[in-house]
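Geometric and topological summary
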Amino acid sequence: MGGDSAGGTLAAACALRARDAGVALQLLIYPGTCANQDTESHRSYAHGYLLEKETIDWFFQQYLRGPVDHEDLRFAPLDGKGAAGQTPQEDGGADLRGVAEAWVCVAEYDPLHDEGVAYAARRQEAGVPVHLDRYAGMTHDFFKMGGYVEDAKQAHADAAAALRQEFTV
């Protein structure tokens, strides 16, 4: 399963729910994973890098019913608490043990950059296989520009390689 941006968030949350269903691989392309958008990348790239702070705020207003939903695991797979039937770890975040392997793609100039990196690190700490690819000079949504941007073509090739590796075992 996979997705980009909010789709990456949903794929990560679904993988937590489906941990025992045999999901082989997650393709998470610049996923949003945090309950609060207070990372350095959110501050640094809030304006002028395609995905603007006001747009993110608008998306959250459409998606969340209220402040308590920020803490829902289905919205914040990195640090959400106890939603979606999961048992929170003592540090308050989701238990990632046993979740499907992931390929995580992040763009350098993306407000969601730090969330993707932190999610990959948290997975690694939990002993869950993860491969993190960082694309220098890229902004949010670059993955969709494969017909025009060389790094997007490379990201497509990297995602395909991750799928190929998973399904040729």
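Residues numbered from 1 in each chain as written. Predicted model: local features only at pLDDT ≥ 70, side-chain atom pairs only at ≥ 80, totals over all residues. Heavy atoms only, no water.

We now examine a nonpolar patch on the surface. Nonpolar side chains collect at one region of the surface, where Leu50, Met145 and Tyr148 lie side by side and expose about 370 Å² of accessible area between them. For Tyr148, the location among the structural elements is in the loop between strand S4 (130-139) and helix H5 (150-167). (Patch = residues over 30% accessible without salt bridge, like charges linked within 9 Å, V, L, I, M, F, W, Y side chains within 5 Å. Areas by Shrake-Rupley, 256 points an atom, 1.4 Å probe, with all protein chains shown as cover. Salt bridge = Lys/Arg side-chain N within 4 Å of Asp/Glu carboxyl O. Helix = DSSP H or I, 4+ residues; strand = E, 2+ residues; numbered from the N terminus.)

A regular strand places its side chains on the two faces of the sheet in alternate fashion. One ladder, built from 7 bridges, connects strand S3 (residues 101-109) with S4; its direction is parallel. The partner of Tyr109 across the bridge, within S4, is Thr139. What joins S3 to S4 is helix H4 (residues 113-125), and the crossover it makes is right-handed. (Pairing = 2+ DSSP bridges. Right-handed = clockwise from strand over helix to strand, strands pointing away.)

One pass over the structure, following the stated rule, counts 8 aromatic pairs. An aromatic cluster is defined as three or more aromatic residues linked by ring pairs; in this entry it consists of Tyr30, Tyr135 and Phe142. (Phe/Tyr/Trp six-rings, centres within 6.5 Å; stacked < 30°, edge-to-face > 60°.)

On to the sheet that holds S3. Strand pairs in the sheet, formed through backbone hydrogen bonds, run parallel or antiparallel to each other. Within the open sheet, the 4 strands sit side by side as S1-S2-S3-S4. Their pairing is parallel. Of all the strands in the sheet, the pair left with one neighbour each is strand S1 (2-4) and S4. Direction aside, neighbouring strands of the sheet carry axes that sit 10° apart on average. Across 3 bridges, the pairing between S1 and strand S2 (residues 25-29) is parallel. Looking at the pairing, Gly2 lines up with Leu27 of S2. Along the sheet, H4 makes contact with S2, S3 and S4, crossing S3 at roughly 150°. Most of the contacts of H5 go to S4, to which it runs at about 170°, and overall it touches S2, S3 and S4. (Axes fitted to C-alpha atoms, helices over the stretch in contact; angles between N-to-C directions. Contact = heavy atoms within 4.5 Å.)

Below, the discussion takes up H4. An α-helical turn contains 3.6 residues, so any two residues separated by three or four positions project in the same direction. Spanning 13 residues, H4 covers 19 Å between terminal C-alpha atoms, matching the ideal 18 Å at 1.5 Å per step. His113, Glu115, Gly116, Val117, Tyr119, Ala120, Arg122 and Arg123 are the residues of H4 that are buried. Directly beyond the C-terminal end of H4, a positive phi value near 80° is found at Gly127. (Expected span 1.5 Å × (residues − 1). Buried < 20%, exposed > 50% of the residue type's maximum accessible area, 1.4 Å probe, protein only.)

Burial runs high along S2: 5 of the 5 residues are buried. Alternating residues of S2 divide into Leu25, Leu27 and Ile29 and Gln26 and Leu28, and every residue in both groups is buried.

Moving on, we come to the side chain of Ser5. Relative to the helices and strands, Ser5 is located in the loop between S1 and helix H1 (6-17). On the basis of relative accessibility, which here comes to 17%, the residue Ser5 falls in the buried class.

The subject of this paragraph is the pattern of salt bridges. Per the counting criterion, the structure on display carries 5 salt bridges. Of the charged contacts in the structure, one is a salt bridge between Arg43 and Glu40, with a shortest N-O distance of 3.4 Å. Of this pair, Arg43 and Glu40 both sit in helix H2 (residues 40-44), 3 residues apart, roughly one helical turn. Relative accessible area serves as the criterion here: at 46%, Glu40 is assigned to the partly exposed category.

With that settled, the discussion passes to H5. The terminal C-alpha atoms of H5 lie 26 Å apart, and with 18 residues this matches the ideal 26 Å at 1.5 Å per residue to within 8%. The secondary structure elements touched by the buried residues of H5 are S2, S3 and S4.

This paragraph deals with the confidence of the model for the protein. Per-residue pLDDT for the protein averages 86, and the proportion of residues at 70 or more is 90%. Taken together, the stretch residues 83-92 has pLDDT below 50 and engages in 23 contacts with residues farther than four places along the chain or on a different chain. (pLDDT = per-residue confidence, 0-100.)

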